[in-house]
Amino acid sequence: LGDVYKRQLVANAVFLAERLLAERDCEDHRNVLAECYLAEQKPYKAYEVLKECRSDANRYLFAVACFKLNKLKEAERALQPHQEIGQRTLLGGMVPRTENVPNGASGLYLLGQINERQQQWSSAKEAYLQALELNPTLWCAYERVCRLGHELPNKIFNETKMLRFEASGRRNASCSFIATSISRTLRSSPQRSAKKQMEEEGEAEQTQAGGGGGNASSGTKVSRGLNTYNLKASIISGSNQSVVNSFTINFDEGSSISSMRVSRAQPGSITAGSLSPNPNLTQAGKSGRKAPPPQAGQQGGQQDQRQMASFSIYSGQGQGQGPGQGQGQAQGVPQQKSSPHVNISLVGPSPAPVKDLMGLLVRLGQAYSHMCLYMMEEAISFFQQLPPKHFNSSWTKVLVGRCYLETTRYSEAERYFAEAFQMEPYRLEGLEYYSTCLWHLKKGVDLAYVANAALERSLYAPESWICVGNCFSLQKEHENALKFFSRAIQLNPTFAYAHCLCGHEYVYNEDWARAKRCFEQALSYDIRNYNAWWGLGNICLKQEKFDKAADHFSHALSINGKNPVLYTYLGMTMACKDALEEALRNFEKAEMLDKNNVLNKFQKANVLVRMGHFDLALKELDRLRLLMPRESPIPVLMGKIYKKLGKNDKAHYFFNIALDLESKESQKIKGLIESLHTQNEFNEDFEL
């Protein structure tokens, strides 16, 4: 069954698991069947199979099924069966969640997702932090913490937690291999000095000469530093408890997990390029007993330079047996019958790989947390300090592109997005931001190409349909854009960005009620989505609810205090409330963040006119004309200022320029020209 499941033959695994449950109905068999149902993307079946189960493993799977079915209260009860929902007390005392939640860090991460979905933000953050306390490599939990506005990468990613995690029994082989591989890469990268590398190579050669004599005779290669693992494995039969085979795997420079070769016919020490016998393990394979300890001449160099890991594969009728049980059975302890299974016990990497892994996670965590806190300049700086192999990855380039997008530097953002998707055309995560960047740049052809490429990759990814929706939105086909954004929401109902885009399209259609619902729905999934807060403020501004609009814009600025557009809209709101001084301060803040923000310059000029600072207003409009020479409201406002100053010739000149640029408002502009010879005042508001 396990072999079938690993080969992605899920339908066959379901069939066999159902036969297993029919043979004997127990919680272990229900657990196997539920896993198959979840792999089959049928959580409703897993829900029915597990709803009467009480074991920790089944409680976790039942919570997963409930979460997928959006039965959040039941999912929380499954993870915390002895606690009131929303409380942490049991019999009058404080009970840590780690004692109640099954599956350790994974269960706490799931609990955080459940709390976040129920808008219990503080409880969700606490669960994520506890998950990271147990497993500091749980990056997905760190991402969620950052999105909730938390910044503690140095406290989360440290060597002490990692070593405790490795010693806790929750470790796995992949974590150890990743740590060692990262250490090998970082320690051999070009950034390190040649002198340092030569010193390490010399030390490794001395170690090999001094302590590796025993293995040198058999042709075994002693690798440098911490780049070598020895894995001792014994395959034990369930019937006679005899050792069938054992071997040692030696990971060398340049080797990988996928490329290692293991020979069961001749036990021995395997390197990347050679196969040589190991007398100790060969003897163990023949006798079924433990190999004798190495001689004094064999100790020291090799065992100090290698990290040991062992795993045992048990075959029998029982389940739940660990390495300790296997040893007991080898000494004559009776074996309980159960289904065959695999139990892996692995000693984690030594402190040097742990230090390198934690150091890399700290640097990645600093960059990511600053990005989530919308400190984009600092985030870009941290990303650029990453090792070249990580900075040049598509994952990093997508995040750097998003940083530039948030600071309205669309050209730089487009360059990083294009490089990322050129490296990995199959990566759809981040395409929603790439398509928005192209929308701002008005590059319809490029946007259509990206949308077509995304649809060819997957019709079931919400990012694909967001790209298509942005294409239609750019063409002012808002109804069609709404259809495709709605399709993205159908594929992922918790996609806050898709809800925001729907809200913007409803604003274009002046459907305020639906737009408001979309923005509120986005906030229910992401409370720190400043785009949704801006959308609510924009609706209130258009409805002339200026106090509410100011509150929403201020809330958005409390999340992202470096977005120039937010300061501009808050300044516009203050101007509508006749708070001209405060409006001018907000326009100046926006100008400090983005000197080429044309909307900000025009609104600032309007406020300067209302304050009577005509010369300053004309200077702003002169600079604005260089940026946007085809916008008629700019010469119209300049004409009004010159008329106010009594310079009718210049006013007539700018009114004529506006008349050549604008056809829809030609009657109003002609009226302004006629007013130069009368006493009538025209106070129409022209907007960009």
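Residues numbered from 1 in each chain as written. Predicted model: local features only at pLDDT ≥ 70, side-chain atom pairs only at ≥ 80, totals over all residues. Heavy atoms only, no water.

On a plain count of helices and strands, the protein chain comes out with 38 helices and eight strands. Here the protein chain, with 688 residues, has 49% of them falling under the buried criterion. A separation of at least 24 residues holds for 53% of the contacts in the protein chain among residues at least 6 apart in sequence. (Helix = DSSP H or I, 4+ residues; strand = E, 2+ residues; numbered from the N terminus. Buried < 20%, exposed > 50% of the residue type's maximum accessible area, 1.4 Å probe, protein only. Contact = heavy atoms within 4.5 Å.)

In this section: the packing of helix H5 (residues 56–68) against helix H6 (residues 72–79). The packing of two helices is summarised by the inter-axis angle and the distance between the axes. Orientation of H5 relative to H6, taken along the N-to-C sense of each, is 165°, at an axis distance of 8 Å. It follows that H5 is roughly antiparallel to H6 by the angle criterion. For the pair H5 and H6, the sense of crossing is left-handed. Where H5 approaches H6, its residues Arg59, Tyr60, Phe62, Ala63, Cys66 and Phe67 are matched on the opposing element by Leu72, Glu74, Ala75, Ala78 and Leu79. By residue class, the composition of the contact of H5 with H6 is nine nonpolar, no polar and two charged. (Axes fitted to C-alpha atoms, helices over the stretch in contact; angles between N-to-C directions. Parallel < 35°, antiparallel > 145°, perpendicular 65-115°, else oblique. Left-handed = near helix turned anticlockwise from the far one by under 90°. Nonpolar A, V, L, I, M, F, W, Y, C, P; charged D, E, K, R; others polar.)

On to the confidence of the model for the protein chain, then. The predicted coordinates ought not to be read in detail in places where the model reports low pLDDT. With 67% of its residues at a pLDDT of at least 70, the protein chain reaches an overall mean of 75. Segment residues 190–349 is flagged for pLDDT under 50; beyond a separation of four residues in sequence, or across chains, it makes 253 contacts in the model. When the criterion is pLDDT under 50, residues 682–688 qualifies, and its contacts beyond four places in sequence or with other chains add up to 23 contacts. (pLDDT = per-residue confidence, 0-100.)

The next thing to look at is helix H8 (residues 104–117). Look at H8: 20 Å from first C-alpha to last across 14 residues, which is about the 20 Å you get at 1.5 Å a residue. Those residues of H8 not exposed but buried are Gly104, Ala105, Gly107, Leu108, Tyr109, Leu110, Leu111, Gly112, Ile114, Asn115 and Glu116. (Expected span 1.5 Å × (residues − 1).)

Turning our eyes to something else, we now look at the pattern of salt bridges. If charged atoms from side chains of opposite charge come close, those side chains can pair. The tally for this structure, following the rule as stated, stands at 20 salt bridges. In this structure, Lys604 engages Glu591 in a salt bridge whose closest nitrogen and oxygen atoms are separated by 2.7 Å. You can see Lys604 sitting in helix H34 (residues 598–610) and its partner Glu591 sitting in helix H33 (residues 580–593), a full 13 residues away along the chain. Because the salt bridges share partners, they merge into one network encompassing Glu591, Lys601, Lys604, Glu620 and Arg623. (Salt bridge = Lys/Arg side-chain N within 4 Å of Asp/Glu carboxyl O.)

Glancing now at the packing of helix H27 (residues 478–491) against helix H28 (residues 496–508). In contact at an axis separation of 9 Å, H27 and H28 are set at 160° when each is read in the N-to-C sense. In terms of axis orientation, H27 runs roughly antiparallel to H28. Crossing handedness for the pair H27 and H28: left-handed. Contacts between H27 and H28 pair His478, Ala481, Leu482, Phe485, Ser486, Ala488 and Ile489 from the former with Ala498, His499, Leu501, Cys502, Glu505, Tyr506 and Tyr508 from the latter. Among the residues forming the contact of H27 with H28, the class breakdown is 10 nonpolar, three polar and one charged.

Right, let's get into the packing of aromatic side chains. Each aromatic ring pair is specified by the distance between its two centres and by the angle formed by the two planes. This structure, assessed with the given rule, holds 18 aromatic pairs. Ring geometry for Trp139 versus Phe157: centroids 6.0 Å apart, planes at 20°, classification stacked. Placement of Trp139 in helix H10 (residues 139–147) and of Phe157 in the loop between helix H11 (153–156) and helix H12 (159–167) is noted, with a sequence separation of 18 residues between them. One exposure class covers both Trp139 and Phe157, and it is buried. (Phe/Tyr/Trp six-rings, centres within 6.5 Å; stacked < 30°, edge-to-face > 60°.)

This paragraph deals with the side chain of Asn600. Note that Asn600 resides in helix H34. In this structure Asn600 comes out as buried when scored by relative accessible area, which is 1%. Here Thr568 takes part through its side chain, which lies 3.0 Å from a polar atom of the side chain of Asn600. Among all residues touching Asn600, those that are not within four sequence positions of it are Thr568, Phe587, Ala590 and Glu591. (Polar contact = N/O pair within 3.5 Å; in protein donor to acceptor, adjacent residues only side chain to side chain.)

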